[in-house]
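Structure at a glance
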Amino acid sequence: MATWRKKETVAGVSGAAPACVVRSAGTGKIPKGYVPMVLFGDKGEGEEERVLVHVSMLTEPRVLDLLEMSAQQFGYGQRGVLRVPCGMERFEQTVRGHRRETQAH
């Protein structure tokens, strides 16, 4: 007999509109539709921040720029969690800019 498990969700995310970015403690399973990333200061300084980024954000030009920076610094063959050379503050500004643009349309 099969057992059914409740679908994984991101804390605080429910309904039709998923959160674009969620801070992650780095434990547990990655919910469907999210990509784990590790953000660190632009100059390699400061603490690392783990975030879960919704896949819909990966096609946004500002996020693509950050991914290109990551590829230039680490190459396309990164193993494990994707490392992005961007501090949390700058990343949040990027996401806020995306939200403003999508709300304006």
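Our subject in this report is the structure included herewith.

**A short note on the overall build of the protein chain**
Scanning the protein chain from terminus to terminus reveals two helices and four strands. When its helices and strands are written in sequence order, the protein chain yields β-β-β-α-β-α. Of all intrachain contacts in the protein chain linking residues separated by at least 6 positions in sequence, the fraction that spans at least 24 positions is 55%. Total accessible area on the protein chain is roughly 7600 Å²; 51% of this is exposed by carbon and sulfur atoms.

**Side note on the packing of aromatic side chains**
One pass over the structure, following the stated rule, counts one aromatic pair. Ring centres 5.8 Å apart and planes at 70° place the aromatic pair phenylalanine 40 and phenylalanine 74 in the edge-to-face group. Within this pair, whereas phenylalanine 40 is found in strand 2 (residues 34–40), its partner phenylalanine 74 is found in helix 1 (residues 61–74), the two being separated by 34 residues in sequence. Positioned over the ring face of phenylalanine 74 is arginine 83, at 3.9 Å from the centre of the ring.

**Focus: the sheet that holds strand 1 (residues 21–23)**
The strand order 1-3-2-4 describes an open sheet built from four strands, whose pairing is mixed. Each of the sheet's edge strands pairs with one partner strand only, and the pair in question is strand 1 and strand 4 (82–85). Strand-to-strand twist across the sheet, computed as the mean angle between neighbouring axes with direction ignored, equals 35°. When strand 1 meets strand 3 (residues 49–54), the two strands line up antiparallel, connected through three bridges. For valine 22, the partnering residue across the bridge sits in strand 3 and is leucine 52. Here helix 1 sits on the sheet and contacts strand 2 and strand 4; the angle it forms with strand 4, its principal contact strand, is near 100°.

**Some words on the nonpolar core**
Val21, Val51, Val53 and Phe91 are the most contacted members of the largest nonpolar core, which totals 14 residues. Breaking this core down by element, the ones donating at least two residues are strand 2, strand 3, helix 1 and helix 2 (88–104). For this core, the element with the most residues is helix 2, which contributes three residues. The contacts of phenylalanine 91, once residues within four sequence positions are left out, are Val21, Leu39, Val53, Leu66 and Cys86.

**Quick word on the environment of glutamate 89**
Here glutamate 89 shows up in helix 2. C-alpha of glutamate 89 to C-alpha of leucine 39: the two residues are 50 residues apart in sequence and 9.9 Å apart in space.

**Observations regarding helix 1**
When the terminal C-alpha atoms of helix 1 are compared, their 20 Å separation across 14 residues agrees well with the 20 Å that a helix rising 1.5 Å per residue should span. Taken as a whole, helix 1 has its buried residues at Val63, Leu66, Ser70 and Ala71. One face of helix 1 carries all of its buried residues, which in axial projection span an arc of 145°. Opposite the buried face of helix 1, by more than 90 degrees, sit the exposed residues Pro61, Asp65 and Gln72. Positive phi appears at glycine 75, one or two residues downstream of helix 1, with a value of about 85°.

Reading guide: rules and limits
Residues numbered from 1 in each chain as written. Predicted model: local features only at pLDDT ≥ 70, side-chain atom pairs only at ≥ 80, totals over all residues. Heavy atoms only, no water. Helix = DSSP H or I, 4+ residues; strand = E, 2+ residues; numbered from the N terminus. Contact = heavy atoms within 4.5 Å. Areas by Shrake-Rupley, 256 points an atom, 1.4 Å probe, with all protein chains shown as cover. Phe/Tyr/Trp six-rings, centres within 6.5 Å; stacked < 30°, edge-to-face > 60°. Lys NZ or Arg CZ within 6 Å of the ring centre and 35° of its normal. Pairing = 2+ DSSP bridges. Axes fitted to C-alpha atoms, helices over the stretch in contact; angles between N-to-C directions. Core = buried A, V, L, I, M, F, W, Y, C linked by side-chain atoms within 4.5 Å. Buried < 20%, exposed > 50% of the residue type's maximum accessible area, 1.4 Å probe, protein only. Expected span 1.5 Å × (residues − 1). Arc of directions from axis to C-beta.

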